[in-house]
Amino acid sequence: MSQHSIIDELVFFVNGRKVREQNADPETMLLPYLRRTLRLTGTKYGCGGGGCGACTVMISKYNALEKKIIHFSVNACLTPLCMLYGAAVTTVEGIGSTRTRIHPVQERIAKAHGSQCGFCTPGMVMSMYTLLRNNPNPSTAQLQQSLAGNLCRCTGYRPIVDAFRTFCTASTCCQQGGRGTSCPLEKAEQDGSSTQTIVGDQDVCSQLFKADDFLPLDDTQELIFPPELMLMEEKLAKRTLVFRGERVMWIVPANLEELLEMKSQYPKAPLLVGNTNIGPNIKFKGAFHPVMIHPTYVSELNSVQIMDEGLRLGAACSLSRMKDVLVKAIAEIATEKTEIFQALLKQLCVLGGEQIRNMASLGGNIVSGSPTSDLNPILAATNCILEVVSRERRREIHLDENFFVGFGKTALMPEEVLLSILIPYSRKWQLVSVFRQATRRENAFSIVNSGMQVVFKEETRVIAELRMFFGGVGPTTVCAKRCCKELIDRSWDEDLLSQACELLLEEISFPSSAPGGSVEFRRTLTISFFYKFYLQVRQRLQQLLNKEDLFAADILQRHRSAMSPLLVELPRGLQKFQPVTWDQLQEDPVGQPVAHLSAIKHATGEAIYCDDIPNQEGELFLALVTSSRAHAKIVSIDAGEALKLPGVVDIITVQDVPGKNKVEMLFDMEEIFCSSEVTCVGHIICGIVAKNQVCAKMAAAVVKIIYEDLEPVILTLEDAIQHKSFFGHRKLENGNVDAAFEKVDQQLEGQIHIGGQEHFYMETHSVLVIPKGEDGEIEIICSIQHPKNAQDSLFSTLCVGERRGHADQWGSSSIRRQIQDNFGSSSERLEVTLSLRGISSTAGSRRLRRMCVRIFPAMDVGYMTDGRIIAVELTCYCNGGNELDASLEILELALLNMDSGYYIPHVRLTGFACKTNLPSNTAFRAFGQPQAIAITESWVTDVASKCNLSAEKVREINLYRGKESCTLYKTIFDSRNQLRCWNECLESASYHSRKIAVEEFNKLNRWKKRGISVVPLKKTVGFSIPFLNQAGALLQVYVDGSVLLTHGGTEMGQGLHTKILQIASHELKIPMSAIHLNETSTATVPNTSPTAASFSTDLNGMAVKAACQTLLQRLEPFMHDNPKGTWKDWVKEAFMNKVSLSTTGFFKGEDLFVDWEKGEGNATSYFIFGASCSEVEIDCLTGDHRNIRTDIIIDAGNSINPAVDIGQIEGAFSQGLGLFTMEELKYSPKGVLYTRGPSQYKIPAVCDIPEQLNVSLLSGSKNPKAIYSSKGVGESAVLAGSSVLYAIKDAITAARRETGLTGNFTLNSPSTPEQIRMACVDRFTEMVPVSAPESTPWAINV
Ligand SMILES: Cc1cc2nc3c(=O)[nH]c(=O)nc-3n(C[C@H](O)[C@H](O)[C@H](O)COP(=O)(O)OP(=O)(O)OC[C@H]3O[C@@H](n4cnc5c(N)ncnc54)[C@H](O)[C@@H]3O)c2cc1C
Ligand code: FES
Ligand code: FES
């Protein structure tokens, strides 16, 4: 085509402004264009692969045919710029700002406490905004769908949902109120706020925000669609567009004829429609396409036709459009004809998130040929017909087993285009079903899915045709052909079920080395799905035959539970806290649910994170070359080819480190570049510095490393134990264990594996190192929890400290006010990144994947038959990886907290931190304490079952009691609030009555089981390393009365700065708005302690208080002389009298310590107590589960900010939920982590939060050890996630009883669908043979 020499101008609009790009590069995505070129940094970069929703923006297009403007949300990271021709993009900055007007969506999420670190907030805002642009009064179901593609790691979603629910009309009552009684949740919803004061109870309040003064939604204020784009669409004839970048050409053919021409000219060029398959392949798998064809103008590809045989959908129809079309068809067409449509709709509702469905096309899903496609099995099972065209011919082919010819490959010829898909109507004797089980219910690829169709001979139960296709069981969508064939002419009865299962197992079989692993689980799913299908069909046959057919009528009521889906609803709940006393001044913010200081800026996208800082002139980029071997000697590094590439500046190796090639960890030093030997896959070998990121990455990829493999390669705990590969060990003993074991009634032994967890902070670790030039000064801007260590590490690496001495250090590290909580990882881990950046003096960000340790204890428990636990001996091993990092500290905390909430008179605990050839593990929120509670509760549950007592009875018997309780390490503490929490939790959760209801439910349902569990929580606070318990603050008052405050803590979304401001305002008696908090910087407050251990308000709050009090003392004479004066008067007077208005505050905390030799000490400043009760429902056939309700009560002392504390509790709980029920790390036998990024690793999404999540702060609790009698609750509720694990175990126990299994069993953590399904032993699990052990399984249990 001659036009290809011409390059078109790309015209589109962003936030109402026209953008004209003369040289639009097809390789550029919208996200970097917004962030770097237009400097619209509100849209965030999270995963870059469509999995997190942080980059959500709205796209609007004008449809000239229908004369309609359509709005839809997309992931900007997967949207090629060239796709935007004629479109209007709206980003978070375009809908409102603090400078103009805040949009109601922004206002509500901010004021309802829906943002913590704020990194996900712009994406959430844009998903909601788009929903409202399409429907100003959405239902809660629509809200649920629109948020499915947005992840949040901090909040636990409940406050986000509460904020957005205020826009919804429909109400779904919790049914708590009962007839005639008002339901508090419903009342709250009607009032427009999520929570309301509970009338009649003076002590408890539940209003975290006021909805009355929310801005109303006013669509006249919205940006209008640019008329110019409408004109462009209506007036201009469609013509071919061509955009050309340095390496890639993008062609938009004007019509079908031209498309086919292009395809014959460039047969290898992909047809890029939604880019949701091509994009991730380019980004993560290195695919490259010099020509790409975008067929947006080809109307045939976008048409929807209602035909006599069925619906014909253009292949480029987006999955959202397909969903809408199906919904309409189902509503309008006789049910009998819409079986296939309903099945497809069921899959579409959970396929990806809303943004993915808006972009991804039906044709793209089919042609991508993914073995886990949710659509292909059902399209194939129902004989859908594909219309395929090329320049030479047009043909129709059936979508069947012959269409998929290999992984990602189909029978389409390279020059062929899939034009449309005919989805037939169903007919009377045709029955269709779909099934899927994924690692997460929404926005997760299926582990196994299936589409099944049976056609009966009329008026009979005899099979005329059977088609079953499965996904996730091979490299392509698999047809169970032989099984289907053998069952033709068979009657649909019990015999058929057994035979079908046997045939399916014979036909669908794969080795344990098959990608994906979990062979027995996947095979069990195939026959479990068939069983569901079998029952569904029997039930339908009964209706169809319309008679009391004997075989159909005998489906036992209990077995019908196999058919009902596990439906989840949006989370909601009550949050209860103690209001401030009546005599507190209204202006005094302490104790009030003040919104996060930066909440509005998070919601408007104005908050600046590290990566939002404009590029520095001359900025260079570093790409790391890392080891591909787990244990090897480096023989040589050859960067010759890399250095020749244009844009490459240099290679950096260990020889280039001017100072120490080590960074300091808590207990050890860690190498930056490995000097001679790599000890894990991913070990840093060298770095390539280049002028841009692409160039640096390309060059790093061609550096040749020659390795010499070394033995042993230790990956698993078993390997480490065998090789005695330990960093160190700890022992804790109390009482006389051996004597106690002699006296106990019974003893039991057990084991549990607790898997690791990825921090999965949405903001990547970011560091900007800016050499200032003058006197060698360096500024470090980074997202770290421990600024002092950042400074120390960089200076020792660069040798700065040695040259100038510590007292005279140059430079500072400052922390952006906005960083995402790193949940423990960046108190240590960021130093490595930082030192690297320092050495190369570059900027950039890197997602560090450091996981929390995996723990594996073996335990021996001595108990009395009345449930008293007398003695525990336990040895636990944690997989520390290749460097010590914080593993020993985690191990210590796990051992110190192994008592959980129970008094155990005799204990002997031993722990080993194992050194393995995996990437080093580090701490996660609550450092080993969540693991401790999971271990303890596992034997508590087992003891209960052995004693024939309920688990809560055994818990209650063994709880610490009284004012003078004694820990394992001989510290006396007052445990009375623990018992209060326990009792209040039992009562507020109506535990006993719900337990009876659970038992009733379980009697009536064979295949769905419910479980309920209540656990006590007890957690330490503070550092047991004495010198860390100190803090400083700097207070500066200006002569106009304004106040500038800095302290040593880092704001990570946890609300520390908000609380600090509340404290300063309370002390100085001036409004919070008069005080400005400066970013944390070692230039203002030196030698900071890590912001960790739930201790930062305690430490820094006290330092700030001290600084305020010093200042007040200085002002006192002027206040005395002028009692009616104002703050400004006193400040001015002090200034005129030459009084310093700059004060520092310092707090020296307690000397916490543990003497491991003696096994005693004072390990905590105080305890956080609590209790958590959870109820779940499991699907015994698939391993799916639904979190029905969780009630958490926490003793937060006198909360400084109940909204912040409750937010921390809910967020921590959702991380605990992830740790214990879904987040699973998988390693290859060579030590490569498979589960990288949101497509592989699943954190809880909105669908995973308990439908009812009630959080209460214990009232009337005082804590003399911390500021204003408060407590640091930041980490405590991670432990509450264990109540869900044990509720699941309770449900599984009920399922096992159905098959006569009443003994104890081990439920490892996380309790994934695989764990649950395989523990629910039944006739189907028994049919699946155990896979023969192979030399190389796909994954290993580390
Ligand atoms: C985060 C995320 C979550 C997802 N979750 C799921 C899920 O749960 N279940 C599921 O089934 N899928 C899921 N997917 C996959 C998604 O559904 C597919 O990637 C999508 O349907 C592909 O459509 P597309 O328009 O984006 O294809 P593109 O990426 O544009 O193209 C994909 C391939 O199809 C070819 N192609 C496209 N249209 C045609 C045509 N008309 N004729 C010939 N060839 C064509 C292209 O040449 C290319 O090779 C997910 C994807 C992402 C990124
Ligand atoms: S950054 Fe785009 S979805 Fe995660
Ligand atoms: S507030 Fe959602 S990720 Fe931090």
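Look above for the structure.
Here is a short report on the structure shown in this document.

Parameters and conventions
Residues numbered from 1 in each chain as written. Chains lettered and ligands numbered in written order. Predicted model: local features only at pLDDT ≥ 70, side-chain atom pairs only at ≥ 80, totals over all residues. Heavy atoms only, no water. Helix = DSSP H or I, 4+ residues; strand = E, 2+ residues; numbered from the N terminus. Rg over C-alpha atoms; globule rule 2.2 N^0.38 Å. Buried < 20%, exposed > 50% of the residue type's maximum accessible area, 1.4 Å probe, protein only. Areas by Shrake-Rupley, 256 points an atom, 1.4 Å probe, with all protein chains shown as cover. Lys, Arg positive; Asp, Glu negative; His and termini not counted. Charge placed at Lys NZ, Arg CZ, Asp CG, Glu CD. Patch = residues over 30% accessible without salt bridge, like charges linked within 9 Å, V, L, I, M, F, W, Y side chains within 5 Å. Salt bridge = Lys/Arg side-chain N within 4 Å of Asp/Glu carboxyl O. Near = heavy atom within 4 Å. Polar contact = N/O pair within 3.5 Å; in protein donor to acceptor, adjacent residues only side chain to side chain. Nonpolar A, V, L, I, M, F, W, Y, C, P; charged D, E, K, R; others polar. Pairing = 2+ DSSP bridges. Axes fitted to C-alpha atoms, helices over the stretch in contact; angles between N-to-C directions. Contact = heavy atoms within 4.5 Å. Expected span 1.5 Å × (residues − 1). Bend = angle between axes of the 7 residues up to and from the residue. Phe/Tyr/Trp six-rings, centres within 6.5 Å; stacked < 30°, edge-to-face > 60°. Core = buried A, V, L, I, M, F, W, Y, C linked by side-chain atoms within 4.5 Å. Parallel < 35°, antiparallel > 145°, perpendicular 65-115°, else oblique. Left-handed = near helix turned anticlockwise from the far one by under 90°. Disulfide = S-S within 2.5 Å.

1. Observations regarding the overall build of the chain
Then, in step 1: Within the chain, the regular secondary structure consists of 40 helices and 49 strands.
Then, in step 2: Against the compact-globule benchmark of 34 Å for 1342 residues, the chain has a radius of gyration of 31 Å, which places it among compact chains.
Then, in step 3: With respect to the three principal axes, the spread of C-alpha positions in the chain is 95 × 80 × 75 Å.
Then, in step 4: Scored against the burial criterion, the 1342 residues of the chain give a buried share of 64%.
Then, in step 5: In the form shown here, the chain has an accessible surface area of approximately 48800 Å², with 51% of it arising from carbon and sulfur atoms.
Then, in step 6: On the chain, the mean spot of the 135 positive side-chain charges and the mean spot of the 149 negative ones are 2 Å from each other.

2. Quick notes on a negative patch on the surface
Then, in step 1: A grouping of Glu1116, Asp1121, Asp1129 and Glu1133 is seen on the molecular surface, where their side chains present a negatively charged patch.
Then, in step 2: Take Glu1133: it is sitting in helix α36 (residues 1127–1136).

3. Some thoughts on the site of ligand 1
Then, in step 1: Close to ligand 1 lie 32 residues; Val273, Gly274, Thr276, Ser361 and Asp374 are nearest.
Then, in step 2: A distance of 2.9 Å is found between an oxygen atom of ligand 1 and a side-chain nitrogen or oxygen belonging to Asn365.
Then, in step 3: Contact between ligand 1 and Arg436: an oxygen atom at 3.4 Å from a side-chain N or O atom of the residue.
Then, in step 4: Notes on ligand 1: free accessible area 970 Å², of which the protein chains cover 92%.
Then, in step 5: When residues of the shell around ligand 1 are traced back to their parent elements, those giving at least two are α15 (362–368) and β15 (417–424).
Then, in step 6: Per-element tally for the shell around ligand 1: the top contributor is α15, with five residues.
Then, in step 7: Residues of the shell around ligand 1, tallied by class, amount to 17 nonpolar, 13 polar and two charged.

4. Quick look at the pairing of strand β22 (residues 632–638)
Then, in step 1: Pairing geometry for β22 and strand β26 (residues 677–678), over two bridges, is antiparallel. The residue bridging Lys633 from the neighbouring strand is Glu677, located in β26.
Then, in step 2: Looking at chain direction, β22 and strand β28 (residues 704–709) are connected through six bridges and run antiparallel. Looking across to β28, one finds that Lys633 is bridged to Glu708.

5. Overview of the sheet that holds strand β27 (residues 684–690)
Then, in step 1: If you walk across this open sheet you meet the three strands as β21-β27-β23, and the pairing is antiparallel. Both edges of this open sheet fall to β21 (621–626) and β23 (648–652), since each of them pairs with a single strand only. Within the sheet, the average angular offset between the axes of one strand and its neighbour, ignoring direction, is 25°.
Then, in step 2: With four bridges connecting them, β23 and β27 associate as antiparallel partners. Along β27, the bridge assignment pairs Ile651 with Ile688.
Then, in step 3: Running over the sheet, helix α23 (residues 693–701) touches β21, β23 and β27 and is turned about 20° from β21.

6. A short note on the sheet that holds β28
Then, in step 1: The strand order across the open sheet built from three strands is β26-β22-β28, with neighbouring strands paired in antiparallel fashion. Because the sheet does not close on itself, it has two edges, and the strands there are β26 and β28.

7. Looking at a nonpolar patch on the surface
Then, in step 1: Taken together, the side chains of Val1039, Phe1135 and Met1136 make up a nonpolar region of the molecular surface, amounting to roughly 300 Å² of accessible area.
Then, in step 2: Note on placement: Met1136 falls in helix α36.

8. Here's the deal with helix α35 (residues 1096–1121)
Then, in step 1: Taking 1.5 Å of rise per residue, the 26 residues of α35 would be expected to cover 38 Å, and the 37 Å separating its terminal C-alpha atoms lies within 8% of that figure.
Then, in step 2: The largest bend in α35 is about 45°, located at Leu1115, with the proline Pro1117 one to four residues further on.

9. Some points on unusual backbone geometry
Then, in step 1: Residues Glu711 and Pro712 are joined by a peptide bond in cis, for which omega reads -5°.
Then, in step 2: Within the chain, Lys724 stands out as a residue other than glycine whose phi angle is a positive 50°.
Then, in step 3: The residue Lys724 is located in the loop between α24 (717–722) and β29 (726–734) in this model.
Then, in step 4: Positive phi values are uncommon outside glycine, yet Asn1087 reaches one of about 55°.
Then, in step 5: Mapped onto the elements, Asn1087 comes out in the loop between β43 (1075–1077) and α35.
Then, in step 6: Its relative accessible area of 53% is what places Asn1087 among the exposed residues.

10. A short note on the packing of aromatic side chains
Then, in step 1: Here the structure, examined in full by the defined rule, presents 28 aromatic pairs.
Then, in step 2: Geometrically, the ring pair formed by Phe530 and Phe533 is edge-to-face, given 6.3 Å between the ring centres and 65° between the ring planes. Of this pair, Phe530 and Phe533 both sit in helix α19 (residues 519–545), three residues apart, which is roughly one turn of that helix.
Then, in step 3: Judged by relative accessible area, which is 0%, Phe533 ranks as buried.
Then, in step 4: Look at Tyr531 and Phe1324: their rings are 4.8 Å apart centre to centre, the planes differ by 40°, and that puts the pair in the tilted class. Of this pair, Tyr531 sits in helix α19 while Phe1324 sits in helix α40 (residues 1323–1327), and the two are 793 residues apart along the sequence.

11. Describing the nonpolar core
Then, in step 1: Ranked by internal contacts, the top residues of the largest apolar core, which has 248 residues, are Phe164, Met468, Trp492, Phe530, Ile869, Trp939 and Trp1127.
Then, in step 2: If you look at the next biggest cluster of nonpolar residues, it comprises 98 residues, including Val11, Val57, Leu272 and Leu386.

12. Side note on the packing of helix α3 (residues 104–111) against helix α4 (residues 121–134)
Then, in step 1: Across the interface, α3 lies against α4 with an axial gap of 9 Å and an inter-helix angle of 135°. Judged on the interaxial angle alone, α4 and α3 are oblique. Considering the relative orientation of α3 and α4, their crossing is right-handed. On the side of α3, the interface is formed by Val105, Gln106 and Ile109, while α4 contributes Thr121, Met124, Val125, Met128, Tyr129 and Leu132.
Then, in step 2: Class assignment of the residues belonging to the contact of α3 with α4 gives a composition of seven nonpolar, two polar and no charged.

13. Remarks on the environment of Arg239
Then, in step 1: Examined against the element boundaries, Arg239 turns out to sit in the loop between α8 (227–235) and β6 (241–244).
Then, in step 2: Residues Arg239 and Glu258, 19 residues apart in the sequence, show an inter-C-alpha distance of 9.9 Å.
Then, in step 3: Excluding its chain neighbours within four sequence positions, the residues that come into contact with Arg239 are Asp8, Tyr85, Val252, Ala254 and Tyr297.
Then, in step 4: Polar contacts involving the side chain of Arg239 include one to the side chain of Asp8, which spans 2.8 Å.

14. A short note on helix α10 (residues 278–285)
Then, in step 1: What α10 keeps buried is the set Ile278, Gly279 and Pro280.
Then, in step 2: Considering only its buried residues, α10 is in contact with β8 (291–293).

15. Quick notes on the state of the cysteines
Then, in step 1: Taken as a whole and assessed by the stated rule, the structure comprises zero disulfides.
Then, in step 2: For the unlinked cysteine Cys483, the closest cysteine sulfur is that of Cys484, found at 5.3 Å.
Then, in step 3: Residue classification places Cys483 among the buried positions, given a relative accessible area of 0%.
Then, in step 4: Cys1173 takes part in no disulfide bond, and the closest cysteine sulfur to it belongs to Cys985, at a distance of 5.3 Å.

16. Considerations on the side chain of Lys323
Then, in step 1: With respect to the element layout, Lys323 can be found in helix α12 (residues 319–332).
Then, in step 2: Nearest to the buried, unbridged Lys323 among oppositely charged side chains is Glu354, at 4.6 Å.
Then, in step 3: Side chain to side chain, Lys323 and Gln145 meet in a polar contact 2.6 Å long.
Then, in step 4: When near neighbours in sequence (up to four residues on either side) are disregarded, Lys323 contacts Gln145, Leu345, Leu348, Cys349 and Arg357.

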